[in-house]
Amino acid sequence: MTVATPGPAAATRPEPVGVDNRVVVGGVALTWRQLPTPALPDPAAVLAHSAAHALAAARQHVVRGTELLLSTASRVDAAMRADLSEAGFAVTVLDDDGTHPSAPARSRAADPGRLWLLTSGSTGRPKRVGHTLDTLTTVRADQPERTWLCPYAPGTYAWWQVVTLSLTQPGQHLVVIEPDELDDWPAVAAAHGVDAASGTPTFWRRTLYRDAAALARVPLRQITLGGEPVDQAILDQLRDVFPTARISWIYASSEVGASIVVHDGQAGFPVDWLDRQAPGRPTLSVRDDELVVTSPYHGAGLAGPVRTGDRVQVVDGRVLITGRLDSDEINVGGSKVSAGVVRGVLTGHPGVAWARVTGRRAPVLGRMVVAEVVLTPADPTCGDAGVPDEAALVRWCADRLPEHAVPRRIRVLTEIPVKETLKSDV
């Protein structure tokens, strides 16, 4: 069986507005125009060997319209490769030696201009969600000139959000971080004039934990958080380091696109945003404690209200997103506990840099609340003073939570765990 190749329908398209924006990848400064356009089969599921190869595949899609699913090899296991092949994709490794396609198990006509995203898999096996460059492009108003840090895994929704911003807006430059640069990204960012950065709360917590002084040397004017629940503690910590920057958090997903953008420095969004309808804007609703979004930026086949699977709570006039519906709620002896609420209490302690809260099986109660934490690095001039132990953290929670929600076990980790998607399992 032969692999499909671009035909007449894949003719060169007009260059995007941001084609001359600067792109720094692997320490090399280029422009979008200077990136190569590899010869890809159509449709293609591209497994990019590096960030540079991922950007080249994105550039190829823009100018050729090739139906494309883009990812890294580590996010696509053997079973997923087989699924993609059965779905008509030529699974193609893109590396320094060129393109290495595999013939699809089933040939089919390509859908020109279609982009496919793999969900993060937080609810199980990753799913494919169809988009176009237009539905992925949600920043449409003119923007001040910025140099953006892009630390995300190639092909994820968050990665495409930064990439489409640079492609569609003049003056939106990119500095792309490879996985082996992640620990030292503040130095890379400072060297290349980064003044805007987008990352998950875990990404920001991990950076603050590892080297807050190096982070403070990056001249950030725009800080964006998304991809996980955003609590007040991380917003306040970033505000302390960057008192004049605009700090925004965004709720977005592969299924419904970017749906919530908040700039006021507070966790959650105002309750009066619920059920508010405006042309071209997402409509937000709550059903049975679940966030429901009707969005013009939804994926293919998802028109109308979409149940997001994210649990929300209304507290003091704000709608807080606490976590996934299937994992956030812990039933302790018939009383419901939100893992996200407990996590927020723990991360509100000045000695806690990160926390994860789960339920564990227990006699009589059925489940009990347990937690893992990473402590804020101690000031060496203070010895052990101010470093909380398990008992101190339990007392902190007991002063702020009902008795059944207080963690019964708190384990201290030495490093903030992070996945390739820049998320923790929270």
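Fair warning: this is a prediction, and the values are worked out from it, not measured in the lab.

What counts and how
- Sequence order as written defines the numbering, with residues in each chain counted from 1.
- Only residues with pLDDT of at least 70 get local features here, since the model is predicted, and only at 80 or more are side-chain atom pairs given and counted; chain-wide, interface and lining totals rely on the full set of residues.
- As a convention, hydrogens and water are excluded, and side-chain values are obtained from all of the structure's heavy atoms.
- For helices the rule is a DSSP run of H or I covering at least 4 residues; for strands it is a run of E covering at least 2, with both sets numbered from the N terminus onward.
- Radius of gyration: C-alpha atoms only; globule rule: 2.2 Å multiplied by the number of residues to the exponent 0.38.
- Per-residue accessibility, obtained with a 1.4 Å probe over protein chains only, is compared with the maximum for each type, and a residue is labelled buried under 20%, exposed over 50%, and partly exposed between these values.
- To measure how exposed things are, a 1.4 Å probe is used in the Shrake-Rupley method; for residues, cover is taken only from the protein chains shown.
- In this count, Lys and Arg are taken as positive residues and Asp and Glu as negative ones, while His and the chain termini are left out.
- Working definition for charges: the position is that of NZ of Lys, CZ of Arg, CG of Asp or CD of Glu.
- Among buried residues, those of type Ala, Val, Leu, Ile, Met, Phe, Trp, Tyr and Cys that are joined through side-chain atoms within 4.5 Å constitute a nonpolar core.
- We call two residues in contact when some of their heavy atoms are within 4.5 Å.
- The pairing criterion for strands is at least two bridges between them, as found by DSSP.
- Simply put, an axis is a line fit to the C-alpha atoms, just over the touching stretch for a helix, and the angle between two N-to-C directions goes from 0 to 180 degrees.
- Whenever two N or O atoms come within 3.5 Å, that pair is a polar contact, provided that in protein one can donate a hydrogen and the other can accept it, and provided that, for residues adjacent in sequence, both atoms are side-chain atoms.

A. Up close: the overall build of the chain. The number of helices and strands found in the chain is 10 helices and 24 strands. In terms of overall dimensions, the chain is globule-like: its C-alpha atoms have a radius of gyration of 22 Å, near the 22 Å expected for 426 residues. Counting only C-alpha atoms, the chain reaches 70 × 45 × 45 Å along its principal axes. Expressed as a percentage of its 426 residues, the buried residues of the chain come to 53%. Roughly 18600 Å² of accessible area belongs to the chain as shown, and the carbon and sulfur atoms make up 52% of that amount. The chain carries 42 positive and 47 negative side-chain charges, and their two centres are separated by 4 Å.

B. Local environment of the nonpolar core. Judged by nonpolar contacts, the single largest core of 75 residues is most densely connected at Trp159, Trp204, Leu225 and Trp249. Ranked by the residues each element gives to this core, the list is headed by helix H4 (residues 157-168), at 7 residues. If we skip the residues at most four places from it in the chain, Trp204 touches Trp185, Ala197, Gly199, Leu215, Leu220, Ile223, Thr224, Leu225, Ile234 and Leu238. Core analysis: the next-biggest nonpolar cluster, separate from the first, contains 21 residues, Ala355, Val357, Ala371 and Ala405 among them.

C. Representation of the side chain of Thr156 within the structure. Counting through the fold element by element, Thr156 comes out in the loop between strand E9 (146-150) and H4. What Thr156 contacts, discounting residues up to four positions off in sequence, is Arg75 and Leu117.

D. How the structure looks around the sheet that holds E9. Taken together, the 8 strands give an open sheet; going across it, the order is E2-E1-E10-E9-E11-E12-E13-E14, and neighbouring strands pair in mixed fashion. Unpaired on one side and paired on the other, strand E2 (28-31) and strand E14 (257-262) mark the two borders of the sheet. Taken over all neighbouring pairs, the strand axes of this sheet differ in orientation by 25 degrees on average, direction set aside. Here helix H6 (residues 201-216) sits on the sheet and contacts E9, strand E11 (196-199) and strand E12 (222-226); the angle it forms with E12, its principal contact strand, is near 120 degrees.

E. Fine view of helix H7 (residues 232-241). Those residues of H7 that fall on the buried side of the exposure criterion are Ala233, Ile234, Leu235 and Leu238. On its buried side, H7 packs onto H6, E12, strand E13 (246-253) and helix H9 (339-347). Two or three places before Ala233, at the opening of H7, Asp231 has a side-chain oxygen 3.1 Å from that residue's backbone nitrogen.

F. Highlighting the sheet that holds strand E5 (residues 90-95). Overall, mixed pairing links the 6 strands, which are arranged E6-E5-E3-E4-E7-E8 in an open sheet. Every other strand in the sheet has two partners, leaving strand E6 (98-101) and strand E8 (128-131) as the edge strands with one partner each. Across the sheet, the mean angle from the axis of one strand to that of its neighbour is 30 degrees, orientation sign disregarded. Pairing between strand E4 (residues 68-72) and strand E7 (residues 115-118): 2 bridges, direction parallel. Each residue of the ladder has a partner; that of Leu69, found in E7, is Trp116.

So yeah, pure geometry; function would need other evidence.
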